[in-house]
Amino acid sequence: MFEIFAEYPTFLTFLAFVLAAAITLVIMPLFIKFLRRVHIGQQVRADGPQSHLVKQGTPTMGGVVMLVAIAVVAVAVGAPTSETLALVACTLLAGALGLFDDASKVVKERSLGLTPKAKLVGQFLISTFFCLYAVNALGVAPTVEIPFVWTFDLGVLTTVLPIGSGIEVPWLYVLFVDILLMGMCNAVNLTDGLDGLAGGTVMIVMLVMAMIAYRCNLLDSAIFGAAIAGACLGFLWFNSYPADIFMGDTGSLALGMALGCLAVMTKTEVLSILIGGLFVAEALSVMLQVFHYKRTKKRLFLMAPLHHHFEKKGWSETKVVIRFWIVSGILATIGFSVYFAQYLAQSA
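Not measured: the values here are computed from a predicted model.

### Concerning the overall build of the chain
Here is step 1 of the chain: A count of helices and strands for the chain gives 12 helices and 4 strands.
Here is step 2 of the chain: On C-alpha atoms alone, the chain measures out to a radius of gyration of 20 Å, which is about the 20 Å that the 2.2 N^0.38 rule sets for 348 residues.
Here is step 3 of the chain: Dimensions of the chain, computed from C-alpha atoms along their principal axes, come out at roughly 55 × 55 × 40 Å.
Here is step 4 of the chain: Evaluated residue by residue, the chain yields a buried proportion of 51% over its 348 residues.
Here is step 5 of the chain: In the chain, once contacts between residues fewer than 6 apart in sequence are set aside, the share between residues at least 24 apart is 75%.
Here is step 6 of the chain: Surface exposure of the chain reaches about 16100 Å², of which carbon and sulfur atoms provide 70%.
Here is step 7 of the chain: Averaging the positions of the 21 positive and the 20 negative side-chain charges in the chain gives two centres separated by 15 Å.

### Quick notes on helix H12 (residues 317-347)
Here is step 1 of the chain: The end-to-end C-alpha distance of H12, which contains 31 residues, comes to 45 Å, matching closely the 45 Å that a straight helix rising 1.5 Å per residue would cover.
Here is step 2 of the chain: Turning to H12, its buried residues are Glu 317, Val 320, Val 321, Phe 324, Ser 328, Gly 329, Ala 332, Gly 335, Tyr 339 and Gln 342.
Here is step 3 of the chain: Buried residues in H12 make contact with strand S1 (143-146), helix H6 (197-215), helix H9 (271-275), helix H10 (277-296) and helix H11 (306-312).

### Brief notes about the side chain of Thr 268
Here is step 1 of the chain: Note on placement: Thr 268 falls in the loop between helix H8 (248-265) and H9.
Here is step 2 of the chain: Assessed through its relative accessible area of 3%, Thr 268 is described here as buried.
Here is step 3 of the chain: Not counting the four nearest positions on each side in its chain, Thr 268 is found in contact with Met 209, Ile 212, Ala 263 and Tyr 339.

### Some thoughts on the pattern of salt bridges
Two side chains with opposite charge may pair up if their charged atoms get near one another.
Here is step 1 of the chain: Scanning the entire structure with this criterion turns up 3 salt bridges.
Here is step 2 of the chain: The salt bridge involving Lys 119 is made with Asp 249; its shortest N-O contact spans 3.2 Å. Of this pair, Lys 119 sits in helix H4 (residues 116-136) while Asp 249 is found in helix H8, placing the two residues 130 residues apart along the sequence.
Here is step 3 of the chain: We classify Asp 249 as buried; its relative accessible area is 6%.
Here is step 4 of the chain: With its nearest N and O atoms 2.7 Å apart, the salt bridge here joins Lys 267 to Glu 269.
Here is step 5 of the chain: Accessibility expressed as a relative area gives 23% for Lys 267, which makes it partly exposed.

### Side note on the packing of aromatic side chains
Here is step 1 of the chain: Inspection of every chain in the model, using the stated rule, returns 7 aromatic pairs.
Here is step 2 of the chain: Here Phe 129 and Tyr 133 contribute two aromatic rings whose centre-to-centre distance is 6.0 Å and whose plane-to-plane angle is 25 degrees, an arrangement assigned as stacked. Of the two residues, Phe 129 and Tyr 133 are both situated in helix H4; the distance of 4 residues between them amounts to about one turn of the helix.
Here is step 3 of the chain: An aromatic cluster of three or more residues is present, and its members are Phe 336, Tyr 339, Phe 340 and Tyr 343.
Here is step 4 of the chain: Across from the ring centre of Tyr 293, 5.6 Å away, lies the NZ or CZ of Arg 299, which sits over that ring.
Here is step 5 of the chain: Of note, Arg 323 hangs over the ring of Trp 315, and the distance from its end group to the ring centre comes to 4.6 Å.

### Brief notes about the packing of H6 against H8
Here is step 1 of the chain: Relative to each other, H6 and H8 sit at 20 degrees, their axes nearing to 11 Å. As the angle between them shows, H6 and H8 are arranged roughly parallel. Pair H6 / H8 crosses with left-handed handedness. Seen from H6, the contacting residues are Val 202, Val 205, Met 206 and Met 209; seen from H8, they are Leu 255, Ala 258, Leu 259, Leu 262 and Ala 263.

### Re the packing of H4 against helix H5 (residues 171-191)
Here is step 1 of the chain: Two elements in contact, H4 and H5, have axes whose closest approach is 9 Å; the angle formed by their N-to-C orientations is 130 degrees. Put simply, H4 runs oblique to H5. Read as a crossing pair, H4 and H5 show a hand that is right-handed. Together, Lys 119, Leu 120, Gln 123, Phe 124, Ser 127, Thr 128, Phe 130, Cys 131, Leu 132 and Val 135 of H4 and Tyr 173, Val 174, Val 177, Asp 178, Leu 181, Met 182, Cys 185, Asn 186 and Asn 189 of H5 make up the contact between the two elements.
Here is step 2 of the chain: Broken down by class, the residue content of the contact of H4 with H5 amounts to 12 nonpolar, 5 polar and 2 charged.

### What to know about the pairing of S1
Here is step 1 of the chain: Sheet topology note: the S1/strand S2 (residues 150-153) ladder contains 4 bridges and is antiparallel. The partner of Thr 143 across the bridge, within S2, is Asp 153.
Here is step 2 of the chain: Between S1 and S2, which pair antiparallel and follow one another directly, the connecting turn spans 3 residues, one of which, Phe 148, has a positive phi of 65 degrees.

### Notes on unusual backbone geometry
Here is step 1 of the chain: For the peptide bond that leads from Tyr 241 to Pro 242, omega is -10 degrees, which places it in the cis range.
Here is step 2 of the chain: Relative to the assigned elements, Pro 242 resides in the loop between helix H7 (219-239) and H8.
Here is step 3 of the chain: That bond from Ala 304 to Pro 305 is cis: its omega, 0 degrees, falls within 30 degrees of zero.
Here is step 4 of the chain: Structurally, Pro 305 is set in the loop between H10 and H11.
Here is step 5 of the chain: A positive phi angle, near 55 degrees, is found at Lys 267, a position not held by glycine.
Here is step 6 of the chain: Relative to the helices and strands, Lys 267 resides in the loop between H8 and H9.

Definitions and limits used
- Residues numbered from 1 in each chain as written.
- Predicted model: local features only at pLDDT ≥ 70, side-chain atom pairs only at ≥ 80, totals over all residues.
- Heavy atoms only, no water.
- Helix = DSSP H or I, 4+ residues; strand = E, 2+ residues; numbered from the N terminus.
- Rg over C-alpha atoms; globule rule 2.2 N^0.38 Å.
- Buried < 20%, exposed > 50% of the residue type's maximum accessible area, 1.4 Å probe, protein only.
- Contact = heavy atoms within 4.5 Å.
- Areas by Shrake-Rupley, 256 points an atom, 1.4 Å probe, with all protein chains shown as cover.
- Lys, Arg positive; Asp, Glu negative; His and termini not counted.
- Charge placed at Lys NZ, Arg CZ, Asp CG, Glu CD.
- Expected span 1.5 Å × (residues − 1).
- Salt bridge = Lys/Arg side-chain N within 4 Å of Asp/Glu carboxyl O.
- Phe/Tyr/Trp six-rings, centres within 6.5 Å; stacked < 30°, edge-to-face > 60°.
- Lys NZ or Arg CZ within 6 Å of the ring centre and 35° of its normal.
- Axes fitted to C-alpha atoms, helices over the stretch in contact; angles between N-to-C directions.
- Parallel < 35°, antiparallel > 145°, perpendicular 65-115°, else oblique.
- Left-handed = near helix turned anticlockwise from the far one by under 90°.
- Nonpolar A, V, L, I, M, F, W, Y, C, P; charged D, E, K, R; others polar.
- Pairing = 2+ DSSP bridges.

Rendered as structure tokens:
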């Protein structure tokens with residue numbers, strides 16, 4: 001559709017950001033009205049902060065509109081290449097998993113949807129599919145690089161399945177990618193607990209990932225990342241405090257999966273842990289809380305995930321969100337700086 005601008009990749013990346021934001025801004029009010037009319041709203045966890053009880057009934061599943069904007073823009077502005085389709089497909093599949101979870105919560109009228117095991121199985125299947133497709137169809141090397149330190153070849157244990165022309169299964173790399181993508185899915189999901197928190201931090205991280213993809217000459221991945229950032233910007237208009245709508249697991253699981261997939265495509269698997277460091281910190285706070293409580297019967301944090309800990313310490317919701325945005329921006333900037341420094345060192 002935008003072939004006329006094919007010689008201007010920077011413009012295409014910027015266009016993806018703007019169009020995704022515009023589509024989200026236009027469609028979201030209609031979606032919110034629909035959700036209110038059919039009485040589809042958020043079920044707030046009973047053991048969460050008491051100040052969050054007022055959020056009960058707020059429309060949820062806003063991730064549906066975000067995913068529509070992302071998919072349309074990624075295919076229209078970029079091209080329906082194998083790279084684009086793989087990224088979009090895995091993001092939509094993770095979104096579908098989240099949508100089923102959100103729908104279960106609404107039907108059952110409680111804050112628990114799918115069982116943790118069911119979510120993990122779904123995420124595992126999506127992650128494994130993407131890894132095998134990336135290696136066999138997109139030419140992604142089964143290696144993991146720690147900047148300035150070492151590149152690990154995780155393809156040393158590879159099995160070739162006699163399917164078609166043969167499917168390579170690099171077992172160690174598949175395991176690593178599964179952990180990364182499933183971890184990112186759940187980390188972003190845990191971060192989505194305050195108005196504007198997940199949307200703002202994902203936008204920051206995706207802008208950096210889009211820049212890295214662009215530097216890697218992966219224009220379709222750059223457009224995809226920019227589209228996600230734009231959709232998050234449009235979503236923030238309605239998700240800022242006090243939120244008119246939440247993205248739900250539909251959005252958070254999909255965005256986490258998209259981040260992991262982009263890390264694989266750009267070979268920044270390890271660096272993405274720094275770039276998305278805020279998500280990692282949120283997930284670690286839950287893991288540490290559970291581990292510490294089982295051992296000592298005492299809480300390490302006032303409440304987990306980490307953003308609730310600071311709420312319990314007296315920070316207002318907006319203060320937590322803005323400060324977490326700042327921290328996310330700092331971590332993402334450091335991550336990009338490390339990537340660029342390594343790029344310059346390799347080019348010298």
